[in-house]
Amino acid sequence: MASRKEDPFLGSNDIKEDSEEEVKDKVREEGGAREMVLPAGNSIHRSGSRPQLDLSGAAIQGNNFEERDPTILLPNQSDDISHLALDIGEGSLIKLVYFSRHEDRSNDDKRKRSIKEKLGVTNVNRRSYPILGGRLHFVKFETSKISECLDFIYSKQLHHGGMDSRLWLSEAPPSDNAIIKATGGGAYKFADLFKERLGVSIEKEDEMDCLVAGANFLLKAIRHEAFTHMEGQKEFVQIDHNDLFPYLLVNIGSGVSIIKVDGDGKFQRVSGTNVGGGTYWGLGRLLTKCKSFDELLELSQRGDNRTIDMLVGDIYGGMDYSKIGLSASTIASSFGKTVSENKELEDYRPEDISLSLLRMISYNIGQISYLNALRFGLKRIFFGGFFIRGHAYTMDTISFAVQFWSKGEAQAMFLRHEGFLGALGAFMSYEKHGLDDLMVHQLVERFPMGAPYIGGRIHGPPLGDLNEKISWMEKFVQKGTEIIAPVPMSPSGTTGLGGFEVPSSKGDTLRSDASALNVGVLHLVPTLEVFPLLADPKMYEPNTIDLSDHNELEYWFTVLSEHLPDLVDKAVASEGGTDDAKRRGDAFARAFSAHLAREQLCLLMEEPAAYGKLGLANLLELREECLREFHFVDAYRSIKQRENEASLAVLPDLLMEIDSMNEETRLLTLIEGVLAANIFDWGSRACVDLYHKGTIIEIYRMSRKKMQRPWRVDDFDIFKERMLGSKDKKPHPHKRALLFVDNSGADVVLGMLPLARELLRRGTEVVLVANSLPALNDVTAMELPDIVAEAAKHCDILRGAAEAGGLLVDAVGSKDGLSSVPLMVVENGCGSPCIDLRQVSSELAAAAKDADLIILEGMGRALHTNFNARFKCDALKLAMVKNHRLAEKLIKGNIYDCVCRYEPRASPAPAPA
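Reading the values: rules and limits
- Residues numbered from 1 in each chain as written.
- Predicted model: local features only at pLDDT ≥ 70, side-chain atom pairs only at ≥ 80, totals over all residues.
- Heavy atoms only, no water.
- Patch = residues over 30% accessible without salt bridge, like charges linked within 9 Å, V, L, I, M, F, W, Y side chains within 5 Å.
- Areas by Shrake-Rupley, 256 points an atom, 1.4 Å probe, with all protein chains shown as cover.
- Salt bridge = Lys/Arg side-chain N within 4 Å of Asp/Glu carboxyl O.
- Helix = DSSP H or I, 4+ residues; strand = E, 2+ residues; numbered from the N terminus.
- Axes fitted to C-alpha atoms, helices over the stretch in contact; angles between N-to-C directions.
- Parallel < 35°, antiparallel > 145°, perpendicular 65-115°, else oblique.
- Contact = heavy atoms within 4.5 Å.
- Nonpolar A, V, L, I, M, F, W, Y, C, P; charged D, E, K, R; others polar.
- Core = buried A, V, L, I, M, F, W, Y, C linked by side-chain atoms within 4.5 Å.
- Buried < 20%, exposed > 50% of the residue type's maximum accessible area, 1.4 Å probe, protein only.
- Pairing = 2+ DSSP bridges.

J.: What exactly am I supposed to notice about a nonpolar patch on the surface here?
T.: Taken together, the side chains of Leu283, Leu286, Leu287 and Leu345 make up a nonpolar region of the molecular surface, amounting to roughly 330 Å² of accessible area. Along the polypeptide, Leu345 turns up in the loop between strand 13 (331-333) and helix 11 (350-376).

Encoded structure:
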């Protein structure tokens, strides 16, 4: 690759605004009063034998696909790795990607190990070192304010492995080998400054290598990464990582580099142009007197280029030139109208000049890019670099040019993390493995909810603890969107959990969020897998209701808002109703309300497609994340315990009643019991109202009495024939059934456990699948074994199966000495009322391999998500609809209507004759 001096068209992210010496002088003046250099002995030693960075299982945290610069979780990361990499623009922006550890909270008790052994689950981490886990965070500073960047790095001790690093806390002897990976022109210019202020050396990584590595990582790993942008509308494009290469990467910095990417580490710069972002900024500065690149972009949004550009209609009397396919509004000559007008520069509006410049440069870049794609036979073109900045009109203009010249055959695509390609590539250069182990289902994107962060208008500080987070929310409520939080000067006690990792400085505001393009925190979760029984994982869409419909979106926002006071009451009560709990509850309510409020979510309401296919499942998971962020681990804990006890007390009588029935009546009664018990749902307003009118047993009996067939969706007879056989067919039991359970109390105890017992009686192994983390009153995988153990005291079938399945690890064996088919419990890998089967736990994936029956129960798992999902095995979906709108829209029915949807395994296609 040519050097800068050899190649005037090199596309770097370096649009200069301050000279090197000016910035260095500022930093020395600001930093001179503070000595920031610590002994380097505890810093990270870089060598060829250094520990590798484990990127397996990377995931963005959350569902708000608009959140800017999210953190990435690396749960498989271990040992003394670097926590920081940078892309330092010479005069534009400094982009940081840094790693924060998080403790492995998995509960690996004796019971869980026993079930893992039975399922054949091995350690998914193929590395030889233990799992520590972590996240990747994205932070941005203006290069002119590099002092704030250095302060930020120092406050988090990122140059020494982070605040929680064992290395930093150890007493190892000093070392001069502390280095940080960096790319960009500033990596050379500011190397001395980093050494002087932080005591670390900059190790420069090749700019093109980093850009390509960063792009490959994102396109493989992030489901909602690539998108098109036409006429102000975003549409996310799912890229099959097996069909990613080759593609064209167009990096628009000062100049433009056009790179043909053929694979990991395989690329070639095939073209470029010296007309790029530097051209726009340079000419714009001369012609408009703007003082920043973002100010120039801001002007363009209010401009009208028709006063400056000569259009086709100006030449042909306002008419199209239809013979060659040119409309009257097509630009015939940029700035062409100024030639024939007797005007001076000051007679033209700066806004019009800026827009004309933007269109001229963007159109040319789009055309040159398409011609190169045509040259190599490529249909995919990805654009990135400083010039894009998430600016809607820039993306629209480039997209129009590509579509125009390709006649719609090629697409311009953009990346949500486009500003961080270089920094991410530099971060990954610590281990040049080509990301072979990275899978898209192992990345989860989550979004810190400590304060609203929409469109870049509000920035929170790296908050040190929960108290700081609550204080921040209280200030936000008082002052609204005018808050701009500085980077803390003292070391923070957090590595980024819950804080907003995009420090903003007063003065010129970064406009990288102009298109409402936001990213969250990437969590890398290696224990997540795609559910192996999905009929077609590529076509699977978990959400049933698409909230791109504004009416649907507004309705469900209202439902969530109305449910909030009751949720806060339960959350505070779960923590003993203390003053601290009340304060946290109030902060949670403010934070979540601010995100739901229409004025705060105007961007979402206007551009729902920018979030990908936003479904109700995303909003429900966002609420649970917010609760956990304010340390409400299980808001319905006491309610669940009370309802479990009440239900277990009447279970023996119910089982005795069921056992007295004949086979056909028993099966119908069991399905009715599941549907009736599913009424107990604290996430439904209608059901919450019922709780105030009667006891749990009274409500259950009332619900059972209303179980009259035919149900709104009624496939029971088909399911009965599969289970009991017919005159022509003998019944044969399923080998293994996966029962996705829903609510605690009557739902699981009086509904799903009796059904599980019937399957066990017929010789079918049963695996109860429950949440990994609490959500509303849903039962969790950690709670289920105790419920089963209590139920087993009154039932030999359950006791024998629980012993066989490892749920009763201290049991001495069944009374009759006979072996039983096992009853097991596995966690599903999520903490939401819904479930996305593209990302499930390794335990569940292992259990599914021998399963030939799936039972999905409850609105969240069978209606809100997976109602339209198809599987490779028999599937039964059971739910009571507890929302008027959902009943009308989904099944054209009424509230409390029931769904019993049975879908037999699709027959394999016949072999060719």
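There's plenty left to go through after this.
J.: So what exactly am I meant to see when it comes to the packing of helix 8 (residues 277-288) against helix 9 (residues 293-300) here?
T.: Relative placement of two packed helices is described by the angle separating their axes and the distance separating the axes. Viewed as axis vectors pointing N to C, helix 8 and helix 9 meet at an angle of 80°, and their least axial separation amounts to 10 Å. Relative to helix 9, the element helix 8 lies roughly perpendicular. Only Phe293, Leu296, Leu297, Leu299 and Ser300 of helix 9 make contact with helix 8, whose side of the interface consists of Gly277, Tyr280, Trp281, Gly284 and Thr288. Split into classes, the residues belonging to the contact of helix 8 with helix 9 amount to six nonpolar, four polar and no charged.

J.: I'm lost on the nonpolar core in this one. Help?
T.: It is characteristic of soluble globular proteins that their nonpolar side chains tend to be buried jointly. In terms of nonpolar packing, the biggest core is built from 87 residues, with Phe531, Ile671, Leu738, Phe740, Leu768 and Phe871 touching the most fellow members. Per-element accounting of this core gives the leading share, ten residues, to helix 24 (residues 746-761). Ignoring anything within four residues of it in the chain, the contact list for Phe531 reads Leu738, Phe740, Leu837, Val840, Leu844, Ala848, Ile854 and Phe871. Core analysis: the second largest hydrophobic core is formed by 37 residues, Tyr280, Cys290, Ile365 and Ile388 among them.

J.: Is there a simple way to think about the packing of helix 7 (residues 207-221) against helix 13 (residues 421-428) in this case?
T.: Running from amino to carboxyl end, helix 7 crosses helix 13 at an angle of 90°, the nearest separation of the two axes being 7 Å. In terms of their interaxial angle, helix 7 and helix 13 are classed as roughly perpendicular. Of helix 13, the residues touching helix 7 (which contributes Cys210, Leu211, Ala213, Gly214, Ala215, Phe217 and Leu218) are Leu421, Gly422, Leu424, Gly425, Ala426 and Met428. A per-class count over the contact of helix 7 with helix 13 returns ten nonpolar, three polar and no charged.

J.: What's the story with the sheet that holds strand 24 (residues 853-857) in this structure? I'm lost.
T.: Strand pairing in a sheet relies on backbone hydrogen bonds, with the paired strands running either antiparallel or parallel. Strand order in the open sheet formed by seven strands is 19-26-25-24-20-21-22, and the pairing between neighbours is mixed. Unpaired on one side and paired on the other, strand 19 (713-714) and strand 22 (823-827) mark the two borders of the sheet.

J.: Mind showing me how you'd approach the pattern of salt bridges here?
T.: Pairing is possible between side chains of opposite charge, provided their charged atoms come close. As enumerated under the stated definition, the model contains 44 salt bridges in all. In this structure, Lys260 and Asp262 form a salt bridge, with 2.6 Å as the shortest nitrogen-oxygen distance. Judged by its relative accessible area of 15%, Lys260 is buried. Residue class for Asp262 comes out partly exposed when judged on its relative accessible area of 36%. Among the salt bridges present, the one from Glu903 reaches Arg901, with a minimum N-O distance of 3.0 Å. Residue Arg901 is classed as buried on the basis of its relative accessible area of 16%. When salt bridges that share partners are traced, they join Asp659, Glu663, Arg666, Arg757, Glu758, Arg761 and Arg762 into one network.

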